[in-house]
Amino acid sequence: MNGGPTVLVTGAGGFLGAEVTARLLAAGHRVLALLHRNGDIVRNSGKRLKAPQGSLTRLTGDITRPGLGLDAEQLRLAAGADRIVHCAGITDFGLPAQLYQDVNVTGTENVLTLARTHGTPLVHVSTAYVAGERDGTVQEDELDVGQRFGNTYESSKLRAETLVREAAGDGLPVVVIRPSIVAGERRTGQVRDYKTLYPVVRLITKGRVRTIPGHYDALLDLVPVDYVADLIAEAATRFEDARGRTLHAVASRPLTLRDLSDVLAEYPSFQVARWVPSSVFSEDALPVGERLCHERVISLYTAYMSRRIRFDNSGTVAFSRFPVPVGGPPYLRKLLDHGLKTGYLGAPSPGTAESVLITAGEGGTA
Ligand SMILES: NC(=O)c1ccc[n+]([C@@H]2O[C@H](COP(=O)([O-])OP(=O)(O)OC[C@H]3O[C@@H](n4cnc5c(N)ncnc54)[C@H](OP(=O)(O)O)[C@@H]3O)[C@@H](O)[C@H]2O)c1
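The sections below set out a description of the structure shown in this document.

Now for the packing of aromatic side chains. The geometry of an aromatic ring pair comes down to the distance between the two centres and the angle between the two planes. Summed over the entire model, instances satisfying the criterion amount to ten aromatic pairs. For the pair Tyr-194 and Tyr-344, a centre-to-centre distance of 3.9 Å together with 5° between the ring planes defines the contact as stacked. Residue Tyr-194 is located in the loop between strand S8 (181–183) and helix H5 (198–205), and its partner Tyr-344 is located in the loop between helix H11 (328–341) and helix H12 (352–359); the two are separated by 150 residues in the primary sequence. Across the ring face of Tyr-216, the terminal group of Arg-258 is positioned such that the distance to the ring centre comes to 4.3 Å. The ring of Tyr-304 has Arg-307 sitting right over it, with the charged end atom 4.4 Å from the ring centre.

What surrounds the ligand is a group of 27 residues, the closest being Leu-16, His-36, Asn-38, Tyr-153 and Lys-157. In the model, an oxygen atom of the ligand is placed 3.1 Å from a nitrogen or oxygen of the Gly-14 main chain. Lys-195 is positioned with one of its side-chain polar atoms (N or O) 3.0 Å from an oxygen atom of the ligand. Put simply, the parts of the chain that give the shell around the ligand at least two residues each are helix H1 (15–26), helix H4 (152–169) and S8. A per-class count over the shell around the ligand returns eleven nonpolar, twelve polar and four charged.

What follows covers unusual backbone geometry. The phi torsion of most residues other than glycine is negative, and most of the peptide bonds are trans. Although it is not a glycine, Leu-68 sits at a positive phi angle of roughly 55°. With respect to the element layout, Leu-68 can be found in the loop between strand S3 (56–60) and helix H2 (72–79). A positive phi angle, near 45°, is found at Thr-196, a position not held by glycine. Looking at the secondary structure, you find Thr-196 in the loop between S8 and H5.

Let's shift gears to the sheet that holds strand S4 (residues 83–86). Paired through backbone hydrogen bonds, the strands of a sheet run either parallel or antiparallel to each other. If you walk across this open sheet you meet the seven strands as S3-S2-S1-S4-S5-S7-S12, and the pairing is parallel. Pairing within the sheet leaves two strands with one partner each, and these edge strands are S3 and strand S12 (246–249). Within this sheet the neighbouring strands show an average axis-to-axis angle of 20°, counted without direction. As judged from the four bridges shared by strand S1 (residues 6–10) and S4, these two strands associate in the parallel manner. Its bridge partner being in S4, Thr-10 is matched across the sheet by His-86. Packed on one face of the sheet, H2 meets S1, strand S2 (30–35) and S3 and runs near 130° to S3.

Two elements in contact, helix H8 (residues 257–265) and H11, have axes separated by 10 Å at closest approach and are oriented at 50°. With respect to H11, the element H8 is oriented oblique. You can see that H8 and H11 cross each other, and the crossing is right-handed. Two secondary-structure elements touch here, H8 through Asp-259, Leu-260, Val-263 and Leu-264 and H11 through Pro-329, Leu-332, Arg-333 and Leu-336.

Quick look at the side chain of Arg-307 now. Summarising the element assignment, Arg-307 is placed in the loop between helix H9 (288–301) and strand S15 (309–311). From its side chain, Arg-307 meets the backbone oxygen of Gly-132 in a polar contact 2.9 Å long. Side chain to side chain, Arg-307 and Glu-154 meet in a polar contact 2.9 Å long. Discounting chain neighbours no more than four positions away, the residues touching Arg-307 are Tyr-129, Gly-132, Glu-133, Arg-134, Asp-135, Gly-150, Glu-154, Ala-218 and Leu-219.

Bringing H11 into the picture now. Across its 14 residues, H11 extends 20 Å between first and last C-alpha, which sits within 8% of the 20 Å expected from 1.5 Å per residue. By the burial criterion, the buried members of H11 are Gly-328, Pro-329, Tyr-331, Leu-332, Leu-335, Leu-336, His-338, Gly-339 and Leu-340. Tucked into the core, H11 has its buried residues touching S8, H5, strand S11 (222–224), strand S13 (255–256) and H8.

For the structure shown, the criterion picks out 18 salt bridges. Put simply, Arg-43 and Glu-19 hold a salt bridge, and the shortest N to O gap is 2.8 Å. Taken together, the positions of Arg-43 in the loop between S2 and S3 and Glu-19 in helix H1 put the pair 24 residues apart, joining distant regions of the chain. With a closest N to O distance of 2.9 Å, Arg-308 and Asp-217 form a salt bridge. Of this pair, Arg-308 sits in the loop between H9 and S15 while Asp-217 is found in the loop between strand S9 (211–213) and strand S10 (219–220), placing the two residues 91 residues apart along the sequence. By relative accessible area, Arg-308 is classed as partly exposed at 32%. Looking at Asp-217, the relative accessible area reads 42%, which means it is partly exposed.

Attention now goes to the environment of Tyr-267. Here Tyr-267 is to be found in the loop between H8 and strand S14 (274–276). Once the C-alpha coordinates of Tyr-267 and Leu-336 are considered, the two residues, 69 residues apart in sequence, prove to be 9.1 Å apart. Leaving out residues up to four positions away in the same chain, Tyr-267 has contacts with Arg-333, Leu-336, Asp-337 and Leu-340. Here the side chain of Tyr-267 touches Asp-337 through a polar contact of 2.7 Å, side chain to side chain.

Once that is clear, we can look at the environment of Phe-93. As for its placement among the helices and strands, Phe-93 is situated in the loop between S4 and helix H3 (97–118). Judged by relative accessible area, Phe-93 falls into the buried class, the value being 13%. Look past the residues within four positions of Phe-93 in its chain and what remains in contact with it is Tyr-100, Asn-151, Tyr-153, Leu-300, Tyr-301 and Tyr-304.

Reading the values: the criteria
Residues numbered from 1 in each chain as written. Predicted model: local features only at pLDDT ≥ 70, side-chain atom pairs only at ≥ 80, totals over all residues. Heavy atoms only, no water. Phe/Tyr/Trp six-rings, centres within 6.5 Å; stacked < 30°, edge-to-face > 60°. Helix = DSSP H or I, 4+ residues; strand = E, 2+ residues; numbered from the N terminus. Lys NZ or Arg CZ within 6 Å of the ring centre and 35° of its normal. Near = heavy atom within 4 Å. Polar contact = N/O pair within 3.5 Å; in protein donor to acceptor, adjacent residues only side chain to side chain. Nonpolar A, V, L, I, M, F, W, Y, C, P; charged D, E, K, R; others polar. Pairing = 2+ DSSP bridges. Axes fitted to C-alpha atoms, helices over the stretch in contact; angles between N-to-C directions. Contact = heavy atoms within 4.5 Å. Parallel < 35°, antiparallel > 145°, perpendicular 65-115°, else oblique. Left-handed = near helix turned anticlockwise from the far one by under 90°. Expected span 1.5 Å × (residues − 1). Buried < 20%, exposed > 50% of the residue type's maximum accessible area, 1.4 Å probe, protein only. Salt bridge = Lys/Arg side-chain N within 4 Å of Asp/Glu carboxyl O.

This is the structure:
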């Protein structure tokens, strides 16, 4: 049985939560995994989490409800946790505003009530995009500077982080981690969930979307899931060193949309979209199929296609023992290669050398 501190992880079945849970267990912690609708904890590799005997306790709850919706016995266990890592949240875009309020804001309030009642140190998972539609460099200690938001997800995460800061001001020990856009594993590109920008890339590469409002010098910060999970687990483990900090979990180099276009163009099987200024873009002028793709998917992400935003991560670099991922085009190629390998981005076209062989009759059946 593990003898380390006990950590309550909300959202333990999620993309980040599952990887955080795995790391905490590997570091010798006991984990109380708060699960919601989905009772499974599946790693980014697609495999079910394996936990040493007696080290993992599954709780079923709902953070929108008082006491996190736990029964009396489960609440007693949660009250005894040495730390809380709050990963649960609504991350999909385009849902009713009330859902973001209930889960991201009221849910965080309920987690804070538990933490305050028992003085439990809290690692809160926010997002770098609490910065909203600002341009320029965002510092880790900046929060509400009157920014506008790209969507209700971002504004709900700002309200949640504000509540966490207020609790810190009242003496609750907290660390805030702000990931940018979380994507596949840094070495292999492997990803469990094709969410956030993946569907956008898929529509572009399949040629179903050819024109998108945006700027070629807009910046997208994609960060590997393994690095973000390492950092969250490290903050929970070395809590006293991180206490009071807000840490940007970002890559060394963001991608410009020019980088994205250039890298997509390297792949023979991919189509590449054009970014045009929003002043000349008209959804109504698009062919019906493309217009539907815009309405249902692309429009949810266009705010990300025009921000020239960078996230300073000096505090993270000073705190963490994990090297900051490189990001930029080399990382994007890993993500695309993985998408091709799994078929998510279609089958790869044969490269030039292979095409020559096929033409010469050596590549397959006649
Ligand atoms: N993924 C990103 O790119 C990204 C970037 C920046 C920040 N973040 C932040 O990182 C955190 C984790 O994100 P993720 O990508 O791991 O998201 P995710 O895969 O969608 O996981 C979210 C988890 O929250 C749980 N949850 C939702 N509603 C709940 C409720 N009412 N009560 C209890 N649990 C509930 C979900 O459980 P069920 O599925 O069972 O409902 C799920 O396990 C979030 O706070 C998010 O804002 C994510």
